[in-house]
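Residue-level listing of the chains:
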Amino acid sequence: MDQESPYWIDGSVPETPGTGEYPDPWKKTEIIGTRVPRVDAYERVSGTAVYPHDVSLPEMLHGAILRCPHAHATVLKIETSKAEKMPGVRAVLTGNSPGADMPWYPRRGTFYGRLFDTNCRYEGEEVAVVAAETPLQAFDALRAIEVEYEVLPFVIDDEAALEPSAPAVHEGGNVVGEPRVRERGDVETGFAEADVVVERTYRTKCEIHAPMEPHGSVARWEGNKLTIWDTTQGVFSVQEAVARAMGLPLANVRVIGHYMGGGFGSKLEVGKYTVYAALMAKMTGRPVKIFLPREDCFLATGNRPGNTMTVKIGAKNDGTLTAIDYRSLGSSGAYAYGADSSTLAAYLYTCPNLRTEDTTVYINAGKARPMRAPGFPQGAWALEQAMDELAQKLGADPVELRLKNIAGVFQTDGGIPFTSNQLAECLRKGAMEFGWSEMRARDKTGGHLRRGVGVAACFWGYAGGPPSTVIVKLYSDGSVNLNMGASDIGTGTKTWAAMIVAEELGVAVNAIQIEYADTATTQYATSSGGSKTVPSDSPAVRAAAYAVKVQLMRMAAEQLKVDVSDLEFRDLTISSRSDEEKKVAVTALEKLDRQGVVIGTGYRDPNPEDMVTFPFGAQFCEVEVNTRTGEVRLLRFLGAHDSGRVLNRLTYDNQVFGGIVMGVGLGMTEERVLDPQTGKMVNANFHDYMIPTMKDVAIEHTCVPIDIPDNEFNTTGTKGLGEPATIPTAAAIANAVCDAIGIRVTDTPLNPIQLARLIAEQQKEA
Ligand code: MOS
């Protein structure tokens, strides 16, 4: 980071005597880097944690949403009079209701459609909402609403959407914006210089986030003030969107998002249900809760779009890459979203000649949303399989080929240095702990059970930064309150934040009371997405705790009559280095006793200029393929990740394992299936939409952190982990399957249905 910039932005602590102006990078740590169970583990597993779904207010009504059952239709007429007379019904909301006809901005600056759009562009588009005394009364009443639709032709296939004759999802054609093109050097020259060229088309299927906790909100008015309990990754972004929709000052909208049961990006943008709940609460003068049924979550709360990717790579005989040409087509669904997948291919490896082109099309299906490393797992499926094929053709080891081409700089604007890039360490250490060379050397012939190993690498293209503000208060009895606006989306945010305070102040992790994710009572933070919560907010937490420590040191210096530079702070006791007689417990500081509390405010400093920061990673897997059935068993998975310093080794491991499990879903089991006859999703439930279970995931998971602090980037030395942990997984599986049986599987899901067919074709050819 820019060490010249003032650390204390608020000027409340003009200098920090004795310890230098900045907290130095941690050297030896006592708590940071250890395994600490989540501070809210008891609440989560005992059922005492109050999730938005658990919020139950006096006089609360329950809402239900009527959705278009067609892939594409115009609403000609809505008749709600029968529904209004149903038992328990207190209000019915449509686009014709007062105040409900409005444009829809799910995130700041992103406009799409209207709160109720009479042109329903996908199965699941909202048509009407009912509020009733009980949830079942609300759902019953939906069936009494009579809607006259004009059913329209639809398009649900990305390539078909490009045809001039395709039904138009929006006026002006089905291409979303302009195709995004990136060029450096000259690819034609690059391929002319190549000794070996590989080219192939890869496809990933559309995947649904499928968090366990459905999406929903509770809304309550008190006068002209609105309180919302929301399933969200960022309370401040919900506040912004709701205030805009309701025409309220931001200060009148309080959003609380304390516990959340998984989002993976699907809870980054506000849902229409939140605004419906607010509108109906206003209409009825009663609190309104709306939670989506599971099927609605599958249809209407986002997805990872499928991509079709053609990648061509050229290399010299020694493995040096000479050119990459990458083309991607993806679908945004019914409303605009950029379904790009090329970024990984553009920057992971050194390559002087590059061309990428991303095209996104509208189709008549649910809108995509960011999903855990948007675009990157798809890009890895293509790029990292192409690198594997290149290694085969060159007769090179796939790990060695990657090591040879590691990017020394971020290849844009003539090359920007990374604050850190430990991809080589990820590959080397990962390979060593996995036993890569021994596994590769094994005899793979004979029998119908064939084992193989695969590797894939990644970076993740986001790292976070300011703004973030955190307040730490230390009371006269030595207990501590930590106040931060960030959401804990299940990843352990509260726990590492408490660990940082504990590390700085020597208090017990569980003695820290934490206020978080409430727009009315906690400090502003950006949403928990992009794997940026740790690198964005942890330096602010550390700065706040440090500001407390500095004030306590000064009080001690005064009381002990020694110079502050002679003091050291340890376990809530401040002592002189030169005179061991001179020491004072924090709770015995006279000034603290009079003052009652010490307040430390911490800010996240700007990122360093002229440098970029990304997390890196490499994953290794071993598979066993049954060549009679096409079944693939995952035997082992190893994730070696460079995410800077490890704060909590327990939740670090969990992120890596969770990312791998999710990548197994993309690679092997998950697929949104749209019926070509009707355009409707046929597997909008947990029975037919197969997220990986214990029987699908690897038998053994290993996490190998490359625990090297990135002290250039921020004062905790951290980078993100949640998203990189899922990027290389699917590609590593496909590469392992190819190693086992010599079949390159270009399309997800790599399941027995597909693999048995490919094996049969292979045997026919032989
Ligand atoms: Mo993530 S897709 O930024 O929650």
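No experiment lies behind these values; they were computed from the predicted model shown.

What to know about the nonpolar core
Counting 110 residues, the largest nonpolar core has L482, V501, L505, L552 and I574 as the members making the most contacts within it. The element best represented in this core is helix α15 (residues 533–560), accounting for 11 residues. Core analysis: the next-biggest nonpolar cluster, separate from the first, contains 93 residues, M309, F616, Y652 and V745 among them.

Here's the deal with the packing of aromatic side chains
Throughout the structure, instances matching the rule amount to 17 aromatic pairs. Centroid distance F418 to F616: 5.5 Å. Interplanar angle 90°. Geometry classified as edge-to-face. Here F418, found in the loop between β17 (416–417) and α12 (423–434), pairs with F616, found in strand β26 (residues 616–626); they are 198 residues apart in sequence, far enough to count as distant. A single burial state applies to F418 and to F616, both of which are buried. Seen in terms of ring centroids, F459 and F616 are 6.3 Å apart; in terms of plane orientation they differ by 40°. Their pairing is tilted. Of this pair, F459 sits in strand β18 (residues 449–459) while F616 sits in strand β26, placing them 157 residues apart in sequence. Here the aromatic residues Y347, F376, F410, F418, F459, W460, F614 and F616 are joined through ring pairs into a cluster of three or more. Its guanidinium or amino end placed over the ring of F434, R636 lies 4.1 Å from that ring's centre, counting from NZ or CZ.

Here we look at the pattern of salt bridges
Tallied over the full model, the rule gives 48 salt bridges. E30 is paired through a salt bridge with R570; the nearest N and O atoms lie 3.3 Å apart. Note that E30 is positioned in the segment before α1 (41–46) and R570 in strand β22 (residues 567–570), a separation of 540 residues in sequence. According to the relative accessible area criterion, E30 is partly exposed, its value standing at 46%. In the salt-bridge network here, residues are joined through shared partners; they are R442, R451, E622, E624, R633 and R636.

With respect to the confidence of the model for the protein
Taken as a whole, the protein shows an average pLDDT of 94; of its residues, 97% reach a score of 70 or greater. Below pLDDT 50 for its whole length, residues 1–21 participates in 52 contacts with residues either more than four positions away or in separate chains.

What to know about helix α17 (residues 649–669)
Between its first and last C-alpha, α17 extends 29 Å over 21 residues, near the 30 Å set by a 1.5 Å rise per residue. For α17, the capping residue at the N-terminal end is N648, with a side-chain oxygen 3.0 Å from the backbone nitrogen of L650.

About the thresholds
Along every chain, residues carry numbers that run from 1 in the direction the sequence is written. Where totals are concerned, whole chains, interfaces and linings use all residues; where local detail is concerned, this predicted model gives features only for residues with pLDDT of at least 70, and gives and counts side-chain atom pairs only at 80 or more. As a convention, hydrogens and water are excluded, and side-chain values are obtained from all of the structure's heavy atoms. We call a set of buried residues a nonpolar core when its members are Ala, Val, Leu, Ile, Met, Phe, Trp, Tyr or Cys and they connect through side-chain atoms within 4.5 Å of each other. The cut-offs for exposure are 20% and 50% of the maximum accessible area for each residue type, with area from a 1.4 Å probe on protein chains only; residues under the lower value are buried, those over the upper are exposed, and the others partly exposed. Under the scheme used here, helices are H or I runs from DSSP no shorter than 4 residues and strands are E runs no shorter than 2 residues, and both carry numbers assigned from the N terminus. The rule is short: rings of Phe, Tyr and Trp, with Trp giving its six-membered ring, pair when the centres are within 6.5 Å, and they are stacked under 30 degrees, edge-to-face over 60, tilted in between. Geometrically, a charge over a ring is one whose NZ (Lys) or CZ (Arg) sits within 6 Å of the ring centre while staying within 35 degrees of the ring normal. Each salt bridge in this description consists of a side-chain nitrogen of Lys or Arg and a carboxyl oxygen of Asp or Glu lying within 4 Å of one another. You can read pLDDT as the predictor saying how much it trusts each residue, on a scale of 0 to 100. Throughout, a contact is declared for two residues whenever any of their heavy atoms are within 4.5 Å. Expected helix span is computed as 1.5 Å times (number of residues minus one). Within 3.5 Å is the distance limit for a polar contact, defined as a pair of N or O atoms, with the added protein rule that one can donate a hydrogen and the other accept it, and that residues adjacent in sequence qualify only through two side-chain atoms.

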